[in-house]
Amino acid sequence: MSIARGQVGIRCKWCSHLSPQCRSPGAVYYSATTHGFYQAAQNMLKNHLCKECRHIPPDIERRLNRLRDHKRRGPVGKKYWAEAARARGIYECGGRLRFKQSDEKEQGTP
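This write-up is about the structure you can find in this document.

Attention now moves to the environment of alanine 41. By the element assignment, alanine 41 lies in helix α1 (residues 36-52). Spatially, the C-alpha atom of alanine 41 lies 9.9 Å from that of serine 31, the residues being ten residues apart in sequence.

Pasting the structure below:
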C-alpha cells in the first residue's frame with residue numbers, strides 16, 4: 001500500500017532534513033496498526049540507527065549499540081507502544097494510522 005498524505009509514521013530525527021532520496025535505508029517507517037509501531041521502532045534501531053544512518057552523532061550511535069547489545073528485556077513492548085500511540089490520538093483507519101483532529105479528541109471519536 002502506498003503512503004498517503006496525513007499518514008502517521010516514525011522517522012529518524014537526524015535524517016529528517018534530507019530529501020527522501022538522500023536518506024539512508026530505514027530512515028522512515030509507516031505501520032498499518034498501532035501494534036506495529038513497536039516493530040517499526042525495533043527495525044529502525046537495528047537497521048537504520050545502528051548501521052545505516054550517516055547523520056547520527058557518534059556518541060548517540062555508541063550508546064544505542066551498547067543498549068541494543070545489552071539485550072535486556074523490560075516491561076515495554078508492543079502493548080505499551082500501541083497504548084502510547086492511542087493516548088497521543090493515533091488511530092487505525094483503512095490500513096493506515098492517522099491522528100485524530102483536536103475536536104475529535106474532545107468528542108472521543110476517530
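Following the structure, the description resumes.
Contact pair α1 / helix α2 (residues 58-70): the axes reach a minimum separation of 9 Å and the direction vectors enclose 145°. Considering the relative orientation of α1 and α2, their crossing is left-handed. Each of Leu45, Lys46, Leu49 and Cys50 in α1 lies in contact with α2, whose residues at this interface are Glu61, Leu64, Asn65 and Arg68. Among the residues making up the contact of α1 with α2, the classes are represented as four nonpolar, one polar and three charged.

Now for helix α3 (residues 78-87). Among the residues making up α3, those that are buried are Ala82, Ala84 and Ala85. Taken around the axis of α3, the buried residues stretch over an arc of 165°, which confines them to a single face. Opposite the packed face of α3, turned more than 90 degrees from it, sit the exposed residues Lys79 and Ala87. Next to the buried residues of α3 lie α1 and β3 (90-93). Looking one or two residues past α3, glycine 89 carries a phi angle of roughly 90°, positive in sign.

Calculation criteria
Starting from 1, residues in each chain are numbered consecutively following that chain's sequence as written. Confidence filtering applies because this is a predicted model: local features only for residues at pLDDT of at least 70, side-chain atom pairs given and counted only at 80 or more, and all residues used for totals across whole chains, interfaces and linings. Heavy atoms throughout the structure, all of them, feed into the side-chain values; hydrogens and water do not. Counting from the N terminus, the helices are the DSSP runs of H or I reaching at least four residues and the strands are the DSSP runs of E reaching at least two. Fitted lines through C-alpha atoms serve as axes, helices being fitted only where they are in contact, and the angles separating the N-to-C directions of these axes extend from 0 to 180 degrees. Handedness of a crossing is defined here by the sense of rotation of the near helix relative to the far one, left-handed for an anticlockwise turn of less than a right angle and right-handed for a clockwise turn. A contact between two residues is defined here by any heavy atoms of the two lying within 4.5 Å. Think of it as three bins: nonpolar holds Ala, Val, Leu, Ile, Met, Phe, Trp, Tyr, Cys and Pro, charged holds Asp, Glu, Lys and Arg, and polar takes everything else, Gly as well. The classification of residues rests on relative accessible area computed with a 1.4 Å probe and restricted to protein chains. Under 20% of the type maximum is buried, over 50% is exposed, and intermediate values are partly exposed. Relevant arc is that of directions from the helix axis to the C-beta atoms, nothing else.

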